[in-house]
Amino acid sequence: MNIVVSGATGFIGRALSELLICSGHHLTILTRTLKRTASRSEHVRHEIWNPLNLSALVSFVDGSDAVINLAGESIAAGRWSKTQKEKILTSRVSASQALVRSIQAASKKPKVFIQASAVGYYGPRGSETLSEETQAGAGFLASVCKTWEAHAIRAEDFGVRVARLRIGVVLGSGGGALQKMLPPFQMFMGGWLGSGNQWMSWIHLMDAARAIQFCLECEKIKGAVNLTAPQPVTNKAFSMVLAQVIKRPCLVPVPAFMLQLLMGEMADELLLKGQRVLPKKLMDAGFQFQF
């Protein structure tokens, strides 16, 4: 396939790009700067893009087989000030809007549009088991995800198959959540967060990349798709296993009030509350998880 990818410099984007190249696909990687995002290959070209430059974007999208949008400001880049919240929302909406408009304007439209979202869509739900059919929850992240997905859905009006990926906590070396989790444990200061009873819906980096490729190639996959492993765990269980693997103690919890003091609202939504999400649609379609 000829595939247009935005957000290829991110943690998932880098792994996905490498996987798609190895699978023989041809990529047009949209980037704000000409930073190399994948191995040198005749199957890859990099293009500078600006969501405001519709004509240039249409030229990249027109004639492509698929568009994958992973672009967006990291939700864990800093405390959720009013300015940071605006960045998180605007970065996602502007990219989605621009890509959908380019699809609308393209004379030969792609067959599929794959749009990132997050399990934050469901909001804090305690121990409730959540599938793609579960309604949206409350909170800042849920609001962002609903808006984000609403813009992506518009591509369906132009005859394009749309898959909205509700991505969990992505685990892998070289970045992502583990990069932030490991240092306290390595310094013998690691522990579960708050009560530790909050559910953590995780997925391995390579399974995330493989699942996105599966959604790309499996024509019956459309709508919301949970990108999480089939076995969510509590934060306490995860923390105990992490400590065991790196041979460090995990004896004392990190107090909730301390996290709230340091991170405010971000601590509540990202760390102290969670979602128990199952990848029902992927499993029903026959996707095989390696992790």
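Below, the structure is looked at part by part. In this text the structure is predicted, and so the values were computed from the model without any measurement. (Residues numbered from 1 in each chain as written. Predicted model: local features only at pLDDT ≥ 70, side-chain atom pairs only at ≥ 80, totals over all residues. Heavy atoms only, no water.)

1. Here's the deal with the packing of aromatic side chains
Selection rule: In summary, the pairing rule links any two rings of Phe, Tyr or Trp, Trp by its six-membered ring, whose centres are within 6.5 Å, and it sorts them by plane angle into stacked for under 30 degrees, edge-to-face for over 60 and tilted for everything else. Consider the ring centre and the ring normal. A charge sits over the ring if Lys NZ or Arg CZ is within 6 Å of that centre and within 35 degrees of that normal.
Applying the stated criterion across every chain, the model contains four aromatic pairs. Ring-pair connections join several aromatic residues into one group, and the members of that group are Phe214, Phe287 and Phe289. The ring of phenylalanine 140 carries lysine 85 above its face, with NZ or CZ at 5.0 Å from the centroid.

2. Re the nonpolar core
Convention followed: To qualify as a nonpolar core, a set must consist of buried Ala, Val, Leu, Ile, Met, Phe, Trp, Tyr and Cys residues joined through side-chain atoms within 4.5 Å. Only protein chains enter the accessibility calculation, which uses a 1.4 Å probe; a residue is then buried when its area is under 20% of its type maximum, exposed when over 50%, and partly exposed in between. Comment: elements are numbered from the N terminus, with helices defined as DSSP H or I runs of at least four residues and strands as E runs of at least two.
Judged by nonpolar contacts, the single largest core of 47 residues is most densely connected at Ile68, Ile114, Ile212, Leu227 and Leu282. Top element by residues in this core is helix H6 (residues 205-217). It accounts for eight residues. Core analysis: the next-biggest nonpolar cluster, separate from the first, contains 19 residues, Val4, Val67, Val160 and Val162 among them.

3. Side note on the pattern of salt bridges
To be explicit about the condition: We define a salt bridge as a side-chain nitrogen of Lys or Arg found within 4 Å of a carboxyl oxygen belonging to Asp or Glu.
According to the stated counting rule, one finds seven salt bridges in the structure shown. A salt bridge links aspartate 207 to arginine 210; the shortest N-O distance between them is 2.7 Å. In this pair, aspartate 207 and arginine 210 are both assigned in helix H6, three residues apart and thus about one turn of the helix distant. Residues participating in the shared-partner salt-bridge network are Glu149, Arg164 and Arg166.

4. Notes on the pairing of strand S11 (residues 223-227)
Put simply, the rule reads: Pairing between strands is defined by DSSP: at least two bridges between the two strands are required.
Across the five residues of S11, five count as buried, placing the element largely inside the fold. The pairing of strand S7 (residues 161-167) with S11 spans five bridges and is parallel. Opposite alanine 163, over in S11, you have glycine 223 as the bridge partner.

5. Notes on the layout of surface pockets
To be explicit about the condition: Buried and open spaces are told apart on a 1 Å grid over the protein atoms alone, a cavity being a set of points where a 1.4 Å probe fits but cannot get out and a pocket being an open set with protein on both sides within 12 Å along at least five of seven lines. Residues with an atom within 4 Å of a point are the lining residues. Grid points are joined across faces, edges and corners, and a volume is the space filled by probe spheres set on the points. Residues were grouped as follows: Ala, Val, Leu, Ile, Met, Phe, Trp, Tyr, Cys and Pro as nonpolar; Asp, Glu, Lys and Arg as charged; and all remaining residues, including Gly, as polar.
Of the volumes computed, that of the second largest pocket is approximately 220 Å³. Lining the second largest pocket, in full, are Leu171, Leu178, Trp202, Val233, Ala237, Phe238, Val241, Leu242 and Val245. Considering every element that reaches the lining of the second largest pocket, the biggest residue donor is helix H7 (residues 235-245), with five residues. Across the lining of the second largest pocket, the residue classes tally to nine nonpolar, no polar and no charged.

The values reported here are purely geometric and, on their own, carry no functional implication.
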